[in-house]
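Remarks on the overall topology
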Amino acid sequence: MYFCFILSVYLFSLACEKDGSRDIFNNGNVNKESDSSVDFDTSSMVEGVFKLKNFISTYWEVGSIELSHYTHNKSELPVIEVSFDGLKYATGSLKHTQLSEQLGDTCYYGYSNPAFSVVNDEINSIDIVCNEYYDAEHGKGASLSDIASVVLSSPYNYLKNGYKDEIQEERYYELYNYFAVYGISFIPHYEITYDNLLNISSKGIKFFDLNFYIILAQLPEKHGTYTFEVSIKLSQKNLTGKVEMEL
């Protein structure tokens, strides 16, 4: 009887949460599409515990990017962090349901902590230029793509493979240890892409993490303040951002 009473109270609280307001604020605008709450019908009782049936809890339609000098970097090489912002579609929204079905993310039945999110788009190309003279091979305004590599991650293959990782666990540890030098960490089940910017156009990376990193393979000839501009071509739009760094 006590267990039934506790369960009834729990179900009642879920119902109240589901019937509450579903508006969220995004960049000052009210988004009627979704919020961060979870509808009762998006989870199931598995082994006596409520677990989510979707691995991805939030999809983002990006509208802008923000660049920053990545200060957690432990190496001498410059690292730029790129972050996306925009409109989000959380669990329970119609858009989230449609994208989950498209990816086959409908039978995860795992825990909701940590929450996983991705950008609903595909990266076609990335370029970076410096607004100042960098070195003898890269004058003012020249592209630095030949000496720049991108580090990003995506759970796309994990979802397409039925929640199975293609890469071996030992390989993950090798990558984690390598990128620890740059202070970069990754999300479990997100496949890591580390390649020169010139090769990204052939990768077709979909549903990627909201944050990724650009590592420059060499420092400028002289110490000083440098302004970098990053251009990202997605399948749906083009985005640009700038960052000033003391090197």
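For the structure itself, consult the block above.
Summary of the structure given here. (Residues numbered from 1 in each chain as written. Predicted model: local features only at pLDDT ≥ 70, side-chain atom pairs only at ≥ 80, totals over all residues. Heavy atoms only, no water.)

Looking at the environment of Y89
As a reminder of what qualifies: By definition, any uninterrupted DSSP run of H or I lasting at least four residues is a helix, any uninterrupted run of E lasting at least two residues is a strand, and each is numbered from the N terminus. Think of it in three bands: with a 1.4 Å probe and only protein chains considered, a residue is buried below 20% of the maximum accessible area for its type, exposed above 50%, and partly exposed in between.
Turning to its location among the elements, Y89 is positioned in strand β6 (residues 79–90). Judged by relative accessible area, Y89 falls into the buried class, the value being 12%.

Considerations on the sheet that holds β6
Worth spelling out the cut-off: If DSSP finds at least two bridges between two strands, the strands pair. Under this scheme, a helix contributes an axis fitted over its contacting stretch, all axes are lines through C-alpha atoms, and angles between N-to-C directions fall in the 0 to 180 degree range.
A sheet is described by the order of its strands in space; here six strands give the open sequence β7-β5-β6-β12-β9-β10, paired in mixed fashion. Pairing within the sheet leaves two strands with one partner each, and these edge strands are β7 (116–119) and β10 (191–196). Strand-to-strand twist in this sheet, taken as the mean axis angle between neighbours without regard to direction, amounts to 30°. Pairing of strand β5 (residues 56–69) with β6 involves eleven bridges; the strand directions are antiparallel.

A look at the pairing of strand β14 (residues 238–246)
Consecutive residues of a regular strand have side chains that alternate between opposite faces of the sheet. Alternating positions in β14 separate cleanly, L239, G241, V243 and M245 being buried on one face and N238, T240, K242, E244 and E246 remaining unburied on the opposite face. Pairing geometry for strand β13 (residues 225–234) and β14, over nine bridges, is antiparallel. The residue bridging E229 from the neighbouring strand is K242, located in β14. A loop of three residues connects β13 with β14, the two strands running antiparallel in sequence.

Re the pairing of β5
The pairing of β5 with β7 spans four bridges and is parallel. Paired with W60 across the bridge in β7 is V119.

Quick word on the packing of aromatic side chains
What characterises a pair of aromatic rings is the spacing of the ring centres plus the angle enclosed by the ring planes. Where we set the bar: Pairs were defined over the aromatic rings of Phe, Tyr and Trp, the Trp ring being its six-membered one, requiring ring centres within 6.5 Å. Orientation was assigned from the angle between planes: stacked under 30 degrees, edge-to-face over 60, tilted for the rest.
Taken as a whole and judged by the stated rule, the model has 20 aromatic pairs. Seen from their ring centres, Y108 and Y163 are 5.4 Å apart, and the 45° between their planes marks the pair as tilted. Residue Y108 is found in the loop between α2 (94–103) and β7, and its partner Y163 is found in the loop between α3 (156–160) and α4 (169–179); the two are separated by 55 residues along the sequence. For Y163, a relative accessible area of 17% corresponds to the buried category. With a centroid separation of 5.9 Å and 70° between ring planes, the pair formed by Y158 and Y163 is classed as edge-to-face. The exposure class assigned to Y158 is buried, which follows from its relative accessible area of 7%. Linked through ring pairs, F55, Y108, F116, Y158, Y163 and Y190 together constitute an aromatic cluster.

Re the nonpolar core
Note the following rule: Working definition of a nonpolar core: buried Ala, Val, Leu, Ile, Met, Phe, Trp, Tyr and Cys residues. They are joined through side-chain atoms within 4.5 Å.
In terms of nonpolar packing, the biggest core is built from 35 residues, with F84, I126, I128, F212, I214, F228 and I232 touching the most fellow members. Mapped onto this core, the elements with two or more residues apiece are β5, β6, β8 (122–130), β9 (148–154), β12 (211–216), β13 and β14. With five residues, β13 is the single largest residue contributor to this core.

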